[in-house]
Amino acid sequence: MIVDCAVYRDGHRAQGPQDFSDALAEARAAGGFVWIGLHEPSENEFDHVTREFALHPLAVEDALKAHQRPKLEVYDDSLFLVFKPVVYEPESDSVSSGEVMVFLGDGFVVSVRHGEGAPLAAVRQRLEQEPELLAKGPTAVVYAIADATVDHYLDVATELQTDLEELETEVFSPDGGGSRNTASRIYRFKRQVLEFRRATGPLGPPLTRLAGVGASGPGVPFVNEKARPFFRDVNDHLTRVNDSVEGLDRLVTDILSAHLAQMSVRQNDDMRKISAWAAMAAVPTMIAGIYGMNFEHMPELRWVWSYPAVIALMVVLEVLLYRLFKRRGWL
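Residues numbered from 1 in each chain as written. Predicted model: local features only at pLDDT ≥ 70, side-chain atom pairs only at ≥ 80, totals over all residues. Heavy atoms only, no water.

Undergrad: Lay out the pattern of salt bridges in plain terms, naming residues and giving numbers.
TA: It is possible for side chains of opposite charge to pair when their charged atoms get near one another. With the rule as written, the count across this model stands at 14 salt bridges. Where E99 meets K84, a salt bridge forms, and the shortest distance between an N and an O atom there is 3.8 Å. Taken together, the residues E99 in strand β8 (residues 99-105) and K84 in the loop between β5 (78-83) and β6 (86-89) connect sequence positions 15 residues apart. In this structure, the salt-bridge partner of R250 is E246, at a minimum N-O distance of 4.0 Å. Of this pair, R250 and E246 both sit in helix α9 (residues 228-291), four residues apart, roughly one helical turn. Exposure remark for E246: the relative accessible area of 31% places this residue in the partly exposed category. Several salt bridges converge on common partners, so that one network encompasses K190, R197, E246, D249 and R250. (Salt bridge = Lys/Arg side-chain N within 4 Å of Asp/Glu carboxyl O. Helix = DSSP H or I, 4+ residues; strand = E, 2+ residues; numbered from the N terminus. Buried < 20%, exposed > 50% of the residue type's maximum accessible area, 1.4 Å probe, protein only.)

Next comes the structure, spelled out in structure tokens:
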């Protein structure tokens with residue numbers, strides 16, 4: 001589905017023809033560019049765009065099928081970039097990711113979005129309010145998408161940090177995270193961090209190349225040289241996000257280990273208490289079992305004070321065992 005199609009000249013949106021070919025020819029003649037936005041297009045819908053802009057078939061296949069890692073690929077007539085915007089859902093405390101594919105070429109930008117999260121309408125509106133940035137050409141669109149994606153990563157990282165603090169409070173509470181759901185919550189949180197990491201981690205090399213950092217950076221075509229400092233700024237923000245994700249992953253692993261250790265200690269305490277009570281119950285059981293035997297010749301059977309003496313002996317032994325186990329911390 002085509003969401004929007006617009007021609008931009010000198011940093012401003014201009015009225016242009018609806019046909020892709022005419023819009024592209026007009027934009028190139030005027031020194032501008034055309035930006036076409038699509039949302040989950042079908043193969044038939046995308047065929048026309050592919051023919052008009054001479055998009056590479058391998059990139060087109062990736063754009064249609066989605067489920068790609070963030071990446072940057074250079075073809076003869078265009079660049080192909082993949083971003084994975086991430087959305088935090090507070091109702092379920094979960095992270096979900098979408099995909100934005102961008103084709104960048106001479107005088108055109110084609111963006112293909114998959115998933116409901118991170119729509120590009122706000123990005124387009126923001127760009128149209130900054131003519132100086134938009135005047136840099138198609139590169140400005142790529143920068144705006146990358147900047148919006150990484151800025152949202154920072155927001156999601158903050159939300160996950162809050163969830164992690166709640167998990168820490170639960171695990172290290174006085175009851176030691178005794179709830180049966182604690183371990184499953186920790187595991188689910190680790191899965192959310194992993195989903196987040198899949199979106200942020202692979203984006204580093206593409207942004208490094210766009211920023212002109214490293215040996216492969218200066219060779220990227222279709223990128224305005226004056227826009228490279230902007231990509232370096234986005235790359236710095238992404239580095240902060242990746243550091244946060246690394247910290248979250250390490251902390252949640254430590255929390256899971258601490259929770260399992262606490263559960264093990266609690267089980268050992270329970271076993272010691274059970275063993276102590278079993279030992280205390282064994283003493284009177286043994287004495288009662290001996291005097292319950294029906295032998296004719298047994299001492300103390302005909303003694304008047306036998307019953308109270310045996311009861312007193314049981315009580316004394318139980319008190320001694322209780323004090324012994326209490327002193328050793330078993331009870």
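Undergrad: Give me the packing of aromatic side chains: which residues, what numbers.
TA: Taken as a whole, this structure holds seven aromatic pairs when the rule is applied. Centroid distance Y153 to F196: 5.8 Å. Interplanar angle 75 degrees. Geometry classified as edge-to-face. In this pair, Y153 is assigned in helix α6 (residues 138-171) and F196 in helix α7 (residues 181-200), connecting sequence segments 43 residues apart. Its relative accessible area of 0% is what places Y153 among the buried residues. F196 gets classed as buried once you look at its relative accessible area, which sits at 0%. By the ring-pair criterion, three or more aromatic residues cluster together here, those being F46, F80 and F103. The lysine or arginine in question, R124, covers the ring of W35, its NZ or CZ lying 3.9 Å from the ring centre. (Phe/Tyr/Trp six-rings, centres within 6.5 Å; stacked < 30°, edge-to-face > 60°. Lys NZ or Arg CZ within 6 Å of the ring centre and 35° of its normal.)

Undergrad: Tell me about the UniProt feature "transmembrane region" (unreviewed entry) in the chain, and please be specific about residues and values.
TA: What UniProt calls "transmembrane region" (unreviewed entry) maps, in this numbering, to residues 274-293 and 305-325. A distance of 28 Å separates the end C-alpha atoms of residues 274-293, which is 90% helix and 0% strand. What you have in residues 305-325 is 95% helix and 0% strand, and the ends, taken at the C-alpha atoms, are 30 Å apart. (UniProt positions renumbered as here; feature names shortened; annotations may be inferred.)

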